[in-house]
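# Close look at the chain arrangement
Each chain is listed here by its residues.
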Amino acid sequence: PIFITVSAPLLARELRPWVARWRSLPWLAAAAALAAPFGIAAQGIAPAGTGFDPAWIPVAACDWVEAHRPAGPVWNNLAFGGYLIWRFPDRKVFIDGRTAYLYPPEFMEDAWKAEVDPAAFAALQAKYRFDWAMTDARGGPFGLTLAEDPDWTMTYLDDRAAIYVRRGGADAALAASGYSVLRHLTTAGDIL
């Protein structure tokens, strides 16, 4: 991005005489507009087709939720809230992307801290009594508190999302059939 920003004025200065002689600026603009979708497709940023991209949205995890129907309040990652609302309009989510409109700044700060700080998650747990949780499984600190908390059992994992249920909660039967050692942040080194 820095190279493009710096080189664009220089390139424009060099191309100006050529474009002025050619007198086809509208044709160049049209060609650039037609070439843009092919450039985007070549980058692989967005897959071709319609629907939700499971690389970004927890489609398969929500299929699991639909099949197993975990009960009680959910704690969810901010990025998943909107899709969870769309997919399960009858369920309440903990947080979603409408942050500036619905949630006070203190709530947002508590939600972000709860991802990595066990004390912050415990405070939210005491207040909201979560029975299940869906977090980002693509690495990083997301859901660190869930992965380290022995009161929570991972019951589902894919490349995008992990689902945990509270052992002593409404979903104790799901917890009993969950993973006993594996967590979404478990590495191959941890297993070995």
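Relevant structure appears above.
The paragraphs below set out a description of the structure included in this document. All of these numbers come straight from a predicted model, not from anything done at the bench.

## Considerations on the packing of helix 6 (residues 105-116) against helix 7 (residues 118-128)
- Running from N to C, helix 6 and helix 7 point in directions that differ by 120°, and their axes come no closer than 6 Å. The angle between the axes of helix 6 and helix 7 places the two elements in the oblique class. In this structure, helix 6 meets helix 7 at a crossing whose hand is left-handed. Within the contact between the two elements, helix 6 uses Phe-107, Asp-110, Ala-111, Lys-113, Ala-114 and Val-116 and helix 7 uses Pro-118, Ala-120, Phe-121, Leu-124 and Tyr-128.
- Within the contact of helix 6 with helix 7, the residues separate by chemical class into 9 nonpolar, no polar and 2 charged.

## Structural notes on the packing of aromatic side chains
- For the structure shown, the criterion picks out 11 aromatic pairs.
- Measuring from centroid to centroid gives 5.6 Å for Trp-75 and Phe-121, while their planes differ by 80°, and the two rings are edge-to-face. Of this pair, Trp-75 sits in strand 1 (residues 74-76) while Phe-121 sits in helix 7, and the two are 46 residues apart along the sequence. The same class applies to Trp-75 and to Phe-121, which are both buried.
- On the numbers, 5.5 Å between centres and 70° between planes, the contact of Phe-94 with Tyr-128 is edge-to-face.

## Description of the side chain of Thr-135
- Topologically, Thr-135 is positioned in strand 2 (residues 132-136).
- For Thr-135, the side chain forms a polar contact with the main-chain nitrogen of Gly-143, separated by 3.4 Å.
- Apart from residues lying up to four places away in sequence, Thr-135 is in contact with Trp-75, Asn-77, Phe-80, Glu-115, Phe-142, Gly-143, Leu-146, Arg-160, Ala-161, Ala-162, Tyr-164 and His-184.

## Examining the sheet that holds strand 1
- On the basis of which strands lie adjacent, the open sheet formed by 4 strands has the order 1-2-4-3 and mixed pairing. Both outer strands of the open sheet, strand 1 and strand 3 (152-157), are each paired with one neighbouring strand and no more. Ignoring which end each strand starts from, the neighbouring axes of this sheet average 20° apart.
- Pairing of strand 2 with strand 4 (residues 161-166), which is carried by 5 bridges, proceeds in the antiparallel orientation. Residue pairing across strands places Asp-136 opposite Ala-161, the latter belonging to strand 4.

## Some details on helix 7
- Along helix 7, the residues classified as buried are Ala-120, Phe-121, Leu-124 and Gln-125. The buried residues of helix 7 occupy an angular sector of 140° when projected down its axis, which confines them to one face. Of the residues in helix 7, the exposed ones pointing more than 90 degrees away from the buried face are Ala-119 and Lys-127.
- On the buried face of helix 7, the contacting elements are strand 1, helix 6, helix 8 (144-148), strand 3 and strand 4.
- One side-chain oxygen at the N-terminal end of helix 7 lies 3.2 Å from the backbone nitrogen of Ala-119; it belongs to Asp-117.

Criteria and thresholds
- Residues numbered from 1 in each chain as written.
- Predicted model: local features only at pLDDT ≥ 70, side-chain atom pairs only at ≥ 80, totals over all residues.
- Heavy atoms only, no water.
- Axes fitted to C-alpha atoms, helices over the stretch in contact; angles between N-to-C directions.
- Helix = DSSP H or I, 4+ residues; strand = E, 2+ residues; numbered from the N terminus.
- Parallel < 35°, antiparallel > 145°, perpendicular 65-115°, else oblique.
- Left-handed = near helix turned anticlockwise from the far one by under 90°.
- Contact = heavy atoms within 4.5 Å.
- Nonpolar A, V, L, I, M, F, W, Y, C, P; charged D, E, K, R; others polar.
- Phe/Tyr/Trp six-rings, centres within 6.5 Å; stacked < 30°, edge-to-face > 60°.
- Buried < 20%, exposed > 50% of the residue type's maximum accessible area, 1.4 Å probe, protein only.
- Polar contact = N/O pair within 3.5 Å; in protein donor to acceptor, adjacent residues only side chain to side chain.
- Pairing = 2+ DSSP bridges.
- Arc of directions from axis to C-beta.

From the geometry alone we can't say anything about function, so treat these as descriptive.
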